[in-house]
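Inside the fold
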2 protein chains.
Amino acid sequence: MNNARKDNKGNSVGAVTPQTLHFDIPLVFRSGAVLECYDLVYETYGTLNADKSNAVLVCHALNASHHVAGWYADAPDNIGWWDNMIGPGKPLDTNRFFVIGINNLGGCFGSTGPASIDPRTGKPYGSTFPVITVEDWVAAQARLADHLGIRRFAAVMGGSLGAMQALQWSIAHPERVANAIVVAAAPKLSAQNIAFNEVARQAITTDPDFHGGDYYAHGVIPRRGLRLARMIGHITYLSDDAMMEKFGRTLQSGKVNYHFDVDFEVESYLRHQGDKFAEYFDANTYLLITRALDYFDPALHAGGDLSQALAAAQAKFLVVSFTSDWRFSPERSREIVKALLDNRRDVSYAEIDAPHGHDAFLLEDARYHALVRSWFDNVHAAL
Amino acid sequence: MNNARKDNKGNSVGAVTPQTLHFDIPLVFRSGAVLECYDLVYETYGTLNADKSNAVLVCHALNASHHVAGWYADAPDNIGWWDNMIGPGKPLDTNRFFVIGINNLGGCFGSTGPASIDPRTGKPYGSTFPVITVEDWVAAQARLADHLGIRRFAAVMGGSLGAMQALQWSIAHPERVANAIVVAAAPKLSAQNIAFNEVARQAITTDPDFHGGDYYAHGVIPRRGLRLARMIGHITYLSDDAMMEKFGRTLQSGKVNYHFDVDFEVESYLRHQGDKFAEYFDANTYLLITRALDYFDPALHAGGDLSQALAAAQAKFLVVSFTSDWRFSPERSREIVKALLDNRRDVSYAEIDAPHGHDAFLLEDARYHALVRSWFDNVHAAL
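What you see is a predicted model; the values in this text were computed from it and never measured. (Residues numbered from 1 in each chain as written. Chains lettered and ligands numbered in written order. Predicted model: local features only at pLDDT ≥ 70, side-chain atom pairs only at ≥ 80, totals over all residues. Heavy atoms only, no water.)

1. Quick word on the interface of chain B and chain A
Which entries qualify depends on this criterion: Contact criterion: two residues are considered in contact whenever any of their non-hydrogen atoms come within 4.5 Å of each other. Using a 1.4 Å probe, buried area is obtained as the accessible area two parts lose upon being combined, added over both of them. Any carboxyl oxygen of Asp or Glu that lies within 4 Å of a side-chain nitrogen of Lys or Arg is treated as forming a salt bridge with it. Here a polar contact is taken to be a pair of N or O atoms separated by no more than 3.5 Å, where protein atoms must pair a possible hydrogen donor with a possible acceptor and residues adjacent in sequence count only if both atoms sit in side chains. Starting at the N terminus, helices and strands are each numbered in turn, a helix being any DSSP run of H or I of at least four residues and a strand any DSSP run of E of at least two. Lys, Arg, Asp and Glu make up the charged group, whereas Ala, Val, Leu, Ile, Met, Phe, Trp, Tyr, Cys and Pro make up the nonpolar group; the residues left over, Gly among them, are polar.
Contact residues are listed per partner, giving 54 residues for chain B and 54 residues for chain A. Here chain B meets chain A over a buried area of about 4800 Å², counting both sides, of which 68% is carbon and sulfur. Broken down residue by residue, the surface that chain B buries against chain A is led by B:Arg249, B:Tyr258 and B:Phe260, which jointly contribute 17%. The tally of links between chain B and chain A comes to 10 salt bridges. The interface formed by chain B and chain A includes 24 residue pairs in polar contact (both at pLDDT 80 or more). Mapped onto the side of chain B that touches chain A, the elements with two or more residues apiece are helix H3 (191-205), helix H4 (223-237), helix H5 (240-246), helix H6 (265-280) and helix H7 (283-295) of chain B. Sorting elements by how many residues they give to the side of chain B that touches chain A places H3(B) first, with 10 residues. Here the residues of the side of chain B that touches chain A sort into 29 nonpolar, 10 polar and 15 charged.

2. Some words on the sheet that holds strand E14 (residues 347-352) of chain B
Residues and elements named next belong to chain B. Filter applied, for reference: For two strands to be treated as a pair, DSSP must find no fewer than two bridges joining them. For helices, the fitted line uses only the C-alpha atoms of the stretch in contact; every axis is such a line through C-alpha atoms, and the angle between N-to-C directions lies from 0 to 180 degrees.
Read across the open sheet, the 8 strands follow the order E1-E4-E8-E5-E11-E12-E13-E14; overall the sheet is mixed. Because the sheet does not close on itself, it has two edges, and the strands there are strand E1 (19-23) and E14. When strand polarity is set aside, the average angle formed by the axes of neighbouring strands in this sheet is 20°. Relative to strand E12 (residues 179-183), strand E11 (residues 155-159) is paired through 4 bridges, and the arrangement is parallel. In the strand pairing of E12, Gly159 is matched with Val183. Packed onto the sheet, helix H1 (residues 134-148) meets E1, strand E4 (38-45), strand E5 (55-59) and strand E8 (98-102) and runs at close to 60° relative to E4.

3. Concerning the packing of helix H3 (residues 191-205) of chain A against H4(B)
Counted only if it meets this: For classification purposes, angles smaller than 35 degrees are called roughly parallel, those larger than 145 roughly antiparallel, those between 65 and 115 roughly perpendicular, and all remaining angles oblique.
Contact pair H3(A) / H4(B): the axes reach a minimum separation of 10 Å and the direction vectors enclose 170°. One element, H3(A), and the other, H4(B), form an angle in the roughly antiparallel class. Two secondary-structure elements touch here, H3(A) through A:Gln192, A:Ala195, A:Phe196, A:Glu198, A:Val199, A:Gln202 and A:Ala203 and H4(B) through B:Arg227, B:Leu228, B:Met231, B:Ile232 and B:Ile235.

4. Concerning the relation of the copies chain B and chain A
In plain terms, the rule: Our superposition of the copies is a least-squares fit, built on the C-alpha atoms of residues whose pLDDT is at least 70 in both.
Laying chain B over chain A is done by rotating through 180° and shifting 0.0 Å along the axis; what remains is an RMSD of 0.0 Å. What the superposition gives is, in effect, a two-fold axis relating one chain to the other. When the interface residues of chain B are mapped onto chain A, 100% of them again fall at the interface, so both copies present the same face.

5. Overview of the environment of B:Met85
Residues and elements named next belong to chain B. Applied cut-off: Each residue is assigned to one of three classes by its accessible area relative to the maximum for its type, calculated with a 1.4 Å probe on protein chains only: buried under 20%, partly exposed between the two thresholds, exposed over 50%.
Within the secondary structure, Met85 is located in the loop between E5 and strand E6 (86-87). Among the residues examined, Met85 registers a relative accessible area of 0% and is labelled buried. When the C-alpha positions of Met85 and Val347 are compared, they lie 21 Å apart, and in sequence the two are 262 residues distant. Sequence-distant contacts of Met85, defined by excluding residues within four places in its chain, comprise Lys90, Pro91, Leu92, Met157, Tyr368, His369 and Val372.

6. Quick look at the packing of aromatic side chains
Cut-off, in case you're wondering: Ring pairs shown here join Phe, Tyr and Trp side chains whose ring centres sit within 6.5 Å, with only the six-membered ring taken for Trp; geometry is labelled stacked below 30 degrees between planes, edge-to-face above 60, and tilted in between.
Summed over the entire model, instances satisfying the criterion amount to 44 aromatic pairs over all chains. Measuring from ring centre to ring centre gives 5.0 Å for A:Phe322 and A:Tyr368, while their planes differ by 85°; the resulting arrangement is edge-to-face. Within this pair, whereas A:Phe322 is found in strand E13 (residues 316-322), its partner A:Tyr368 is found in helix H10 (residues 366-377), the two being separated by 46 residues in sequence. Residue A:Phe322 is classed as buried on the basis of its relative accessible area of 0%. You can call A:Tyr368 buried: its relative accessible area is 0%. Taking 5.6 Å as the distance between ring centres and 80° as the angle between the ring planes, the aromatic pair formed by B:Phe277 and B:Tyr286 counts as edge-to-face. Here B:Phe277 matches B:Tyr286 in class, with each residue buried. Every member of this aromatic cluster is reached through a ring pair, and the members are A:Phe109, A:Phe277, A:Tyr280, A:Phe281 and A:Tyr286.

7. Topic: helix H10 (residues 366-377) of chain B
All names here are of chain B. We count it as follows: The span expected for a helix works out to 1.5 Å for each residue beyond the first. Arc, as used here, means the arc of the directions from the helix axis to the C-beta atoms.
For H10, spanning 12 residues, the distance from its first C-alpha to its last is 16 Å, which sits close to the expected 16 Å at 1.5 Å a residue. Of all the positions in H10, only Tyr368, His369, Val372, Trp375 and Phe376 are classed as buried. On an axial view of H10, the arc spanned by its buried residues comes to 125°, and they lie on one face. With respect to the buried face of H10, the exposed residues turned more than 90 degrees away are Ala366 and Arg367. Those residues of H10 that are buried are in contact with E5, strand E7 (92-93), E11, E12, strand E13 (316-322) and E14. Looking at where H10 begins, the residue whose side-chain oxygen comes 3.1 Å from the main-chain nitrogen of Arg367 is Asp365.

8. A look at the side chain of A:His67
All names here are of chain A. Positionally, His67 belongs in the loop between strand E5 (55-59) and strand E6 (86-87). Polar side-chain contacts of His67 include one of 3.3 Å to the side chain of Tyr72. When neighbours within four sequence positions are excluded, His67 is seen to be in contact with Val16, Glu43, Tyr45, Tyr72, Asn78, Ile79, Gly80 and Trp81.

9. Description of the environment of A:Asp275
Summarising the element assignment, A:Asp275 is placed in helix H6 (residues 265-280). Distance in space between the C-alpha atoms of A:Asp275 and A:Ala172 is 38 Å, their sequence separation being 103 residues.

10. Things to note about the sheet that holds strand E4 (residues 38-45) of chain A
All names here are of chain A. The sheet built from 8 strands is open, its strands ordered E1-E4-E8-E5-E11-E12-E13-E14 with mixed pairing. Every other strand in the sheet has two partners, leaving strand E1 (19-23) and strand E14 (347-352) as the edge strands with one partner each. The sheet shows a mean angle of 20° between the axes of neighbouring strands, taken without regard to direction. Pairing of strand E12 (residues 179-183) with E13, which is carried by 5 bridges, proceeds in the parallel orientation. Within the sheet, the bridge partner assigned to Val183 lies in E13 and is Val320.

11. A closer look at the pairing of E5(A)
For a regular strand, side chains alternate in direction, first toward one face of the sheet and then toward the other. All names here are of chain A. Counting buried positions along E5 yields 5 of 5 residues, so the element is predominantly enclosed. Of the two faces of E5, both are covered, the one formed by Ala55, Leu57 and Cys59 as well as the one formed by Val56 and Val58. As paired elements, E5 and strand E8 (residues 98-102) share 4 bridges and run parallel to each other. In the sheet register, Val58 faces E8, and the bridge partner there is Gly101. With 4 bridges connecting them, E5 and strand E11 (residues 155-159) associate as parallel partners. The residue of E11 that forms the bridge with Cys59 is Gly158.

Below is the structure:
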């Protein structure tokens, strides 16, 4: 075993292999659009127990995937995005739980998405891929759960957009979620949140290489737009303080050069992040996922009343926010907590004093991890 | 007189006419670059008194100009950007003070800038226009003051980037500034501030129509980039709460349309602001001004010590911040206040509880305007 894959909080789940499941039953989206057939790619860690009561579904946020923990035999540096949280002896302990990560529909890591071939045309879906919602993702995830024979999840968990999916699970399938772990969430985006998404989308759709979403046929990608979208995103994931701590006003060459090229380290960082992202992420997927974020608003279907929207939920809830998160601030998590309390639901809320902004949900923080660990210690995987 | 030009806080300065002054004495920029000759366009309101002691210089921020108050006879709807603050009977009362607005060098409203013809080549400066700093602007403004025979300003005042110029005046020409009014300021940009500027610049410079800054010759403008830059800017000028108050999650057509075109009103607003801006603002000027913001750091020349940097200042200071301003938060103003107090300078500080974010400095707020008014009541225009 590769020592680099170990950390002092426990071992990795090790080398993992994604699996693909093909569905031939049409999925009707909230928009009315229909996907006749589709693939879902997923990974599992740990062992499903005999009564299938120890499954935990981990939902991903904007740019992540089904690759939640471990690494790939042919790509040992490709470590799952929540590997610090999930593994043997880790807060979500794979010695006890069977953990599932799924790449959401519309994604670009193996599940059917805009870059996939539409069997009706033999060409990529591109602009014709239907606009998808959090509700649609949960519907697809439920079909995977059905296939795996999981009637009820010990927990559904996620951060950010992943947390919205956990919330939606608790509303749409109350009887199938024992615990919902909702980290760095909001019950719906604010106007400012939507505004940032809109600028990112405008950067992509006005890139001359976007070609109305059908850039695949042109052999190009809207790289400029994707790059800008990612740069904007990155600013909102970090707190002002964290950026100041990480980069300050440090000059790359030690002096001001009176040009528009990189002078400050933060500029270099953003450009690098943007360039990297444009290499691997599909622009149409970015549009779809930001739109799913914009549209998520469970209260909308309950006359704007979040308490009423959450009345159906039966899960035990752990809601976690981070003090320096200005994208989805603690106030937004408290809206969820209040709505659950209005319904006398079993909810624990923790506001972690962490400096890293929204990104804190992905980082190793002793108090945060101890909290999740002790939560799972109390999850008795039995139906 | 047009009644629309009146408001209940006093009358307008009325129809105004910009003036242009040509300078043939080369200006050496901080970068070492030299501008052999240049024009400055400016406006004045009120009457300069006999001993020339009642002059107030108003410095503009990112996208504003010399057109600070009043309107143009041929464009009565083109009202100065700080018209609510400046006029007869207004907080900065033109019955008492002689107010000057200047379009900064590198601008695009009449002063020499990248779109101006370089007399050496007969073509627009474009990419060859030197990178300019707040210090260079103040040097050019001082030459205009010399020309007008103003030895000492009763006040130099500005908001945001304009406030940085007021601060720089107090450092570079302490004997020429009786009062410095520093509104919604920061003593230097944070890494997050620079990051937002960098994304805006990248949007412009990666627009295929940018042509390395020499788009004038191609008969195009980097409209896409300018549009994005403005959209990003707008998000940072408003508070999350102000955006929520103004737009909420209101849907333009009353329903979600499952597309990437405008659904939410905030999207429509941002696109409109971006489109409008791209019509009138020069992209190279945007690059120059954001860079001037990035580079401003008076403490850098004093070993990083802002108190030492401000030791030379002699002005009386009024520093004003706004609670909901997250671009230049009150904390940043307090850094300036602390540095002034370290030097036992005469400084008043007000933190206005206003919901509008950074834009608050431009808006009519009773407490804010009363404060500025009473400050000027105590400015005795005498040498």
